[in-house]
Amino acid sequence: MTFSLAKKIAAEGLGTAFLVAIVIGSGIMGETLSPENDAVALLANSAATGAGLCVLIAVFGPVSGAHFNPAVTLAFAVRRDIAPTTALVFVGAQCVGAVAGAMLTHAMFEQDLLQVSVSTRDGPGRLIGEATATFGLVLTIFGGLRVRPGGTAALVGLWIAAGYWFTSSTSFANPAVTLARTLSDTFAGIRPADAPGFIAAQTVGALLATGLSSWLFATDGRRYRPADAGPPQPIPNAR
């Protein structure tokens, strides 16, 4: 099954827009229904994001690989599983889609389309949390493609849902989503001053996981590459 570059770009932009809409929208809804209970709002936020991510990867995976995340695209580019030019275009589409998703969500809830978040998310603990969340995400992707290729969508969704609860940062694990969340002064927001640290931590986590996966999931002395046989993979090679 082959798709044009234009369709891959559209899939990355649209998928990232929906992902951001799910993240921000579920946060708004959770906070609205439980204004005095952040735990309930976070539960709604994590459950919706995990479930939505499973669907998005399953639907768009065969088209573009369903990265929806510059850190994931970077990981595949470092492994030379995606061409550098394609990776750059993917990242651009993801960022544009993320901002569009934030605006769409604000429109749905009748808020200002673009906002500036004032939610403080700083400190070394949160940066360690972001590096850990992204490290685990990338390791889950490559490990899933190695041992459970048909279940990678579910594995990724479950990891992100769990990350909301066990990481100090609530597991953004995505530079494009982080960018969009600076533009949303809602439950899911992050102030712009804190975003660069998050993105740096996400990048470090992704690169560390990429290096480890090349060794950990290799067999017979060969570097692991996602399987290219059988049915379409949730996150296949994209060129």
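For clarity, every value in this text was computed on a predicted model and none was experimentally measured.

Basis of the calculations
- Residues numbered from 1 in each chain as written.
- Predicted model: local features only at pLDDT ≥ 70, side-chain atom pairs only at ≥ 80, totals over all residues.
- Heavy atoms only, no water.
- Helix = DSSP H or I, 4+ residues; strand = E, 2+ residues; numbered from the N terminus.
- Buried < 20%, exposed > 50% of the residue type's maximum accessible area, 1.4 Å probe, protein only.
- Contact = heavy atoms within 4.5 Å.
- Lys, Arg positive; Asp, Glu negative; His and termini not counted.
- Charge placed at Lys NZ, Arg CZ, Asp CG, Glu CD.
- Phe/Tyr/Trp six-rings, centres within 6.5 Å; stacked < 30°, edge-to-face > 60°.
- Lys NZ or Arg CZ within 6 Å of the ring centre and 35° of its normal.
- Polar contact = N/O pair within 3.5 Å; in protein donor to acceptor, adjacent residues only side chain to side chain.

**Section: the overall build of the chain**
- Scanning the chain from terminus to terminus reveals 8 helices and 0 strands.
- Secondary structure elements in the chain, listed N-terminal to C-terminal, are α-α-α-α-α-α-α-α.
- When the backbone C-alpha atoms are referred to their principal axes, the chain occupies close to 55 × 35 × 25 Å.
- A burial count over the chain gives 51% of its 239 residues as buried.
- Taking the contacts inside the chain whose residues are at least 6 apart along the sequence as the reference set, 77% of them involve residues at least 24 apart.
- Counting 14 positive and 13 negative side-chain charges, the chain places the averaged centre of each group 17 Å from the other.

**Notes on the packing of aromatic side chains**
- Summed over all chains, the structure comprises 4 aromatic pairs.
- An angle of 90° between the planes, with centres 6.1 Å apart, marks the rings of Phe60 and Phe68 as edge-to-face.
- You can call Phe68 buried: its relative accessible area is 1%.
- Relative to Phe142, the ring of Phe76 lies with its centre 5.1 Å away and its plane at 50°, an arrangement referred to as tilted. Taken together, the residues Phe76 in helix H3 (residues 70–78) and Phe142 in helix H5 (residues 124–147) connect sequence positions 66 residues apart. The two residues Phe76 and Phe142 agree in class, both being buried.
- Across the ring face of Phe172, the terminal group of Arg181 is positioned such that the distance to the ring centre comes to 3.5 Å.

**A closer look at the side chain of Asn174**
- For Asn174, the location among the structural elements is in the loop between helix H6 (152–166) and helix H7 (175–182).
- Here Ala176 takes part through its backbone nitrogen, which lies 2.9 Å from a polar atom of the side chain of Asn174.
- Beyond its immediate stretch of four places on either side in the chain, Asn174 contacts Leu19, Phe68, Asn69, Pro70 and Gln202.

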